Amino acid sequence: MKGVIIKSTGSLCQVLSKNKQIYSCKIKGKTRLMNIEFTNPIAVGDRVEFSFDQKNQIGLINNIEKRKNYIIRKSVNLSHKSQVIASNIDLAFLIVTLVRPITSLNFIDRFLVQAQAYGIDTQIIFNKIDLYDKKLMSEKEKYQKIYEKIGYKTISTSIHTQKNLDKIKKSLFNKVTVFSGHSGVGKSSLVNLIEPGLCLKTKDISDYHGQGVHTTTYAEMFPLSFGGSIIDTPGIKGLGLVDVDVDLLSRYFPEMLKASHNCKFTNCIHLNEPECNVLNKLKNGQIAKSRYKNYLSMLEKNTNYRKNNY
Ligand SMILES: Nc1nc2c(ncn2[C@@H]2O[C@H](COP(=O)(O)OP(=O)(O)O)[C@@H](O)[C@H]2O)c(=O)[nH]1
Ligand SMILES: [Mg+2]
Ligand SMILES: [Zn+2]
């Protein structure tokens, strides 16, 4: 039979079959070896072939289809192996809020770089707009303009007014979408609104105090009744880590990539090179200051990282 992994807790996983049944499965030894470079052989989103033992009510994964893409988490232990968090992702929903909690533009830009490097399309969802006063509303509109201009779709919403819920559903239709963003921005609340049958646990903001950064939680996939599915990755703020070369970083800023074709030097990293088109566009306001500032901060961090580690 064929199916998709909707939950994986190490040795046991749950597979949703084509006929919408859920099967508990184990992973065959041989299949384990196939993904030896990762700590986990199988991840949420993997498409698999499996057989089911009716008598013992347990399935066996026989084969994993090649992954279209995947997001990883670096292991903290000495093995230096990474853990695949989820695979075969069509879209990332980055849920952000300008209040309770504040999502910084730096966080947004770092996330977008990761998604770009993974080759995952991203939409930015501004949630909790019921809490925004005039000033925050105009700030939000300013941010929307910045990101829409680059080509990112943005949607404003609130679980209370349910504004643009139709737009959100339209975006999710027939896609595998990973929900990301800081704790407390309303990911679970939004999922519950989109698919009321799921009843995901939501938390009061006050509950988040004292929550460790390293809470181990597993990604989980939730099929949508109207077509598509959502992947929730609790405890993972971004999309996991990708190594990006300093020389390549600006390529993951779509507006800089576009502008760079008219830089004098093909290896221009847009710092202080002569006839740099990125710097020209920054000067005349066509590239947002905040984006360039965050580019510099990533560049610097990356350089330090390299200095310290190599
Ligand atoms: N005012 C307001 N509160 C919201 C909204 N969405 C979520 N919340 C609240 O924010 C808190 C955290 O939500 P939750 O869904 O658990 O966030 P998650 O950590 O991203 O899954 C809960 O108390 C929700 O009721 C919204 O649109 N407006
Ligand atoms: Mg949640
Ligand atoms: Zn340049």
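1. Things to note about the overall build of the chain
Item 1. What the chain contains, in helices and strands, is eight helices and 13 strands.
Item 2. The burial tally for the chain puts 34% of its 310 residues in the buried class.
Item 3. For the chain, long-range pairs separated by at least 24 residues make up 63% of all intrachain contacts whose partners lie at least 6 apart in sequence.

2. Looking at the nonpolar core
Item 1. One finds Ile 5, Ala 86, Leu 94 and Ile 231 to be the most contacted residues of the largest nonpolar core, which totals 64 residues.
Item 2. Leaving out residues up to four positions away in the same chain, Leu 94 has contacts with Ile 108, Phe 111, Thr 122, Ile 124, Ile 125, Ser 180 and Gly 181.

3. Here's the deal with the site of ligand 1
Item 1. The full set close to ligand 1 counts 18 residues, and Gly 186, Lys 187, Ser 188, Ser 189 and Thr 202 are the nearest of them.
Item 2. In terms of residue class, the shell around ligand 1 is built from four nonpolar, nine polar and five charged.

4. Focus: the environment of Tyr 147
Item 1. With respect to the helices and strands, the residue Tyr 147 is situated in helix 3 (residues 134-150).
Item 2. Classification of Tyr 147 as buried rests on a count of 22 C-beta atoms within 10 Å.
Item 3. Separated by 108 residues in the primary sequence, Tyr 147 and Glu 255 have C-alpha atoms spaced 10.0 Å apart.

5. A short note on the pairing of strand 10 (residues 153-156)
Item 1. Inspection of the sheet shows strand 9 (residues 121-126) paired to strand 10 by four bridges, in the parallel sense. Bridge pairing links Phe 126 to Ser 156 in strand 10.
Item 2. Since strand 9 and strand 10 lie parallel, the crossover through helix 3 that links them has a hand, and here it is right-handed.

6. Comments concerning helix 5 (residues 187-194)
Item 1. What helix 5 keeps buried is the set Lys 187, Leu 190 and Val 191. All buried residues of helix 5 project into a common sector of 100° when viewed along the axis, lining one side.
Item 2. Where helix 5 is buried, its residues meet strand 8 (91-96), strand 11 (176-180), strand 12 (220-223) and strand 13 (229-232).

7. Details of unusual backbone geometry
With the exception of glycine, most residues fall at negative phi, and the peptide bonds are largely trans.
Item 1. Omega for the bond connecting Arg 100 with Pro 101 falls within 30 degrees of zero, at 0°, which places this linkage in the cis form.
Item 2. Relative to the helices and strands, Pro 101 is located in the loop between strand 8 and helix 2 (105-118).
Item 3. One non-glycine residue with positive phi stands out, namely Arg 100, at about 45°.
Item 4. Taking the number of C-beta atoms within 10 Å as the measure of exposure, Arg 100 has 11 and is therefore exposed.
Item 5. In this structure, Lys 128 is a non-glycine residue whose phi angle is positive, near 65°.
Item 6. Relative to the helices and strands, Lys 128 is located in the loop between strand 9 and helix 3.
Item 7. With 23 C-beta atoms packed within 10 Å, Lys 128 lands in the buried category.

8. Side note on the pairing of strand 1 (residues 2-8)
Look at any regular strand and the pattern is simple: side chains alternate between the two faces of the sheet.
Item 1. Counting buried residues along strand 1, five of its seven residues qualify, which places the element largely inside the surrounding structure.
Item 2. Pairing analysis gives three bridges linking strand 1 to strand 4 (residues 47-53), with the strands arranged antiparallel. Following the sheet pairing, Lys 2 is matched in strand 4 by Glu 49.
Item 3. With five bridges joining them, strand 1 and strand 2 (residues 12-17) adopt antiparallel strand pairing. Residue pairing for strand 2: Ser 8 is matched across the bridge by Cys 13.
Item 4. In sequence, strand 1 turns back onto strand 2 through a hairpin of three residues, with Gly 10 there showing a positive phi of about 100°.

9. Topic: the confidence of the model for the chain
Item 1. Here the chain averages 87 in pLDDT, and 85% of its residues register 70 or above.
Item 2. Segment residues 207-216 is flagged for pLDDT under 50; beyond a separation of four residues in sequence, or across chains, it makes six contacts in the model.
Item 3. Note that residues 305-310 has pLDDT below 50 and, in this model, zero contacts with residues that lie over four places away or in other chains.

10. Concerning helix 2
Item 1. Its 14 residues place the ends of helix 2 20 Å apart at the C-alpha level, agreeing with the 20 Å of an ideal helix rising 1.5 Å per residue.
Item 2. Of all the positions in helix 2, only Ile 108, Asp 109, Phe 111, Leu 112, Val 113, Gln 114 and Ala 115 are classed as buried.

Definitions and cut-offs
- Each chain has its residues counted from 1, running along the sequence as written.
- Written order decides the labels, with chains lettered from A and ligands numbered from 1.
- Predicted model: local features are reported for residues with pLDDT of at least 70 only, side-chain atom pairs are reported and counted for 80 or more only, and whole-chain, interface and lining totals are derived from all residues.
- Helical segments are the DSSP runs of H or I of at least four residues, strand segments are the runs of E of at least two, and each set is numbered from the N terminus.
- Field definition: a residue is buried when 20 or more other C-beta atoms are found within 10 Å of its C-beta, exposed when 12 or fewer are, and partly exposed for counts in between, with C-beta atoms placed from the backbone.
- With C-beta atoms placed from the backbone, a contact is any residue pair whose C-beta atoms sit within 7 Å.
- Core membership is restricted to buried Ala, Val, Leu, Ile, Met, Phe, Trp, Tyr and Cys residues, and these are joined into a nonpolar core through C-beta atoms within 7 Å.
- The rule is simple: place the C-beta atom from the backbone, and if it lies within 6 Å of a molecule or strand, the residue is near it.
- Amino acids are sorted into nonpolar (Ala, Val, Leu, Ile, Met, Phe, Trp, Tyr, Cys and Pro), charged (Asp, Glu, Lys and Arg) and polar (every other residue, Gly among them).
- Each pair of strands is called paired provided DSSP finds at least two bridges between the two strands.
- Throughout, right-handed denotes a crossover for which the path from the first strand over the helix to the second runs clockwise when the strands point away from the viewer.
- This arc is built from the directions going out from the helix axis to the C-beta atoms.
- By definition, pLDDT measures how confident the predictor is in each residue, and it falls between 0 and 100.
- Each helix should span, by expectation, one fewer than its residue count multiplied by 1.5 Å.

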